[in-house]
Each structure stands twice: as structure tokens, then as C-alpha cells.
Amino acid sequence: MKKKLLVLSLIAICLAIMAAGTLAYFTGGVTAHNVITTGGVSVELIETTDGDRPFPAQGVSGVMPGDSVTKKVVVKNLGPSQAWVRLKLDVEVRDADGKLMVLEDFPFTLTGAAPDKWLVSANDPYVYYSQPLDLDESTVPFMDAVQFNDSMGNEFQGSTLSLKITVQAVQTANNGDTVYEATGWAED
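Nothing here was measured: the structure is a model prediction, and the numbers come from that model.

**Student:** Just give me the short version of the sheet that holds strand E8 (residues 160-171), but keep the residues and values in it.
**Tutor:** If you walk across this open sheet you meet the four strands as E5-E6-E3-E8, and the pairing is antiparallel. The open sheet has two free edges, formed respectively by strand E5 (118-120) and E8, since each of these has just one partner strand. Ignoring which end each strand starts from, the neighbouring axes of this sheet average 30° apart. Here strand E3 (residues 83-94) pairs with strand E6 (residues 126-129) via three bridges, running antiparallel.

If you want it as C-alpha cells, here you go:
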């Protein structure tokens with residue numbers, strides 16, 4: 001009888017285990033797909049001449065002492081983020097033979113710069129725009145003309161003046177309260 005009781009107990013235990021394995025549970029789940037895209041900064045250097053026509057790619061020739069050449073230079077924020085802007089002007093004068101002229105004073109003046117908007121810092125080759133630029137906003141002109149001195153001497157006959165303008169921009173978001181506090185500028 002003990003043997004029958006043991007066998008019946010084992011059968012009951014096996015049936016209980018099998019019954020527990022067949023219990024169903026209600027479950028649920030959800031997956032969220034989140035996309036986060038970073039911003040960016042893009043600027044354009046716009047150089048125009050009289051009538052807001054593009055400044056000629058080949059430059060201007062035949063300039064005489066006392067002449068003024070219209071060259072309006074502005075920076076436009078193409079977005080998508082608000083940006084701090086700075087620019088650097090590299091000037092080079094070569095004589096008629098193409099030899100670099102080392103000058104203490106240049107024979108020209110840049111006119112039209114707005115000193116309350118374009119800030120010059122000592123010992124820094126860059127000029128900083130004081131206000132952040134919103135999407136599609138442009139700076140006031142950095143310059144609007146190159147005025148050649150009427151006292152230019154014969155050493156400047158056939159010479160070539162090259163103005164190389166480099167523009168940089170960084171985002172304003174989480175990047176200082178002023179253009180001078182901004183970090184992340186490109187290295188030269």
C-alpha cells in the first residue's frame with residue numbers, strides 16, 4: 001500500500017508541476033524610438049560692389065592714387081543655429097615684379113566699419129562681431145570700400161593689393177554670454 005501511495009503521490013506531484021507550467025500570464029510592453037539631432041553653424045561671406053553686384057572674382061584693375069573701390073563685406077548666418085562670428089583680414093602688397101612689399105604703412109584705408117559692432121581686441125588678429133547672428137541674419141558691413149591714399153608714390157605703380165578675409169562662426173547656445181567668452185573657434 002505504501003508503494004501505491006508513493007506512486008500516487010508522485011503522479012499527483014507531476015500533474016501539479018505540469019499544471020503550473022501551463023498557466024498563462026498577461027504581459028505587455030512598448031518600445032519608444034527617440035531621435036535627437038544636433039544643431040549646426042554655417043555662415044557665408046558676402047562681398048559686393050556698386051549696386052550690390054558680386055565683387056569681381058578677378059578683382060579690380062587700373063586703380064589710381066585717391067581712388068575708392070567699393071567693397072562691401074558682410075557675413076550671413078545660414079543656420080540652423082544662432083552664431084557668434086569673427087573675421088580675420090590678411091593684407092598682402094606685391095610690386096609690379098610680384099615681389100612682396102614689406103610696408104610699415106599701407107597705402108589705403110578700409111572705410112565703413114562700424115566700431116560699435118565690429119570689435120578689435122589687442123594682440124588678436126581677429127575682429128569680432130558684437131551681436132549673435134540669428135538664422136538668415138547678416139552683420140552690418142565690416143567695410144564698404146578701400147580708399148587709396150592720394151599720396152601713393154611711384155613704388156606702387158603696377159602693384160597688387162590682396163585682401164584675404166577669413167570668417168569663422170561658433171554656436172551661441174551654451175557658449176558664453178558675449179563673443180569674447182565663446183569657445184570652440186577653429187584653429188588657424
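**Student:** Just give me the short version of the pattern of salt bridges, but keep the residues and values in it.
**Tutor:** Evaluated as defined, the whole model comprises three salt bridges. Linking Asp52 and Lys72 is a salt bridge whose minimum nitrogen-to-oxygen distance equals 3.8 Å. Of this pair, Asp52 sits in the loop between strand E1 (43-48) and strand E2 (68-77) while Lys72 sits in strand E2; the two residues are 20 residues apart in sequence, bridging distant segments of the chain. Judged by relative accessible area, which is 30%, Lys72 ranks as partly exposed.

Reading the values: the criteria
- Residues numbered from 1 in each chain as written.
- Predicted model: local features only at pLDDT ≥ 70, side-chain atom pairs only at ≥ 80, totals over all residues.
- Heavy atoms only, no water.
- Pairing = 2+ DSSP bridges.
- Helix = DSSP H or I, 4+ residues; strand = E, 2+ residues; numbered from the N terminus.
- Axes fitted to C-alpha atoms, helices over the stretch in contact; angles between N-to-C directions.
- Salt bridge = Lys/Arg side-chain N within 4 Å of Asp/Glu carboxyl O.
- Buried < 20%, exposed > 50% of the residue type's maximum accessible area, 1.4 Å probe, protein only.

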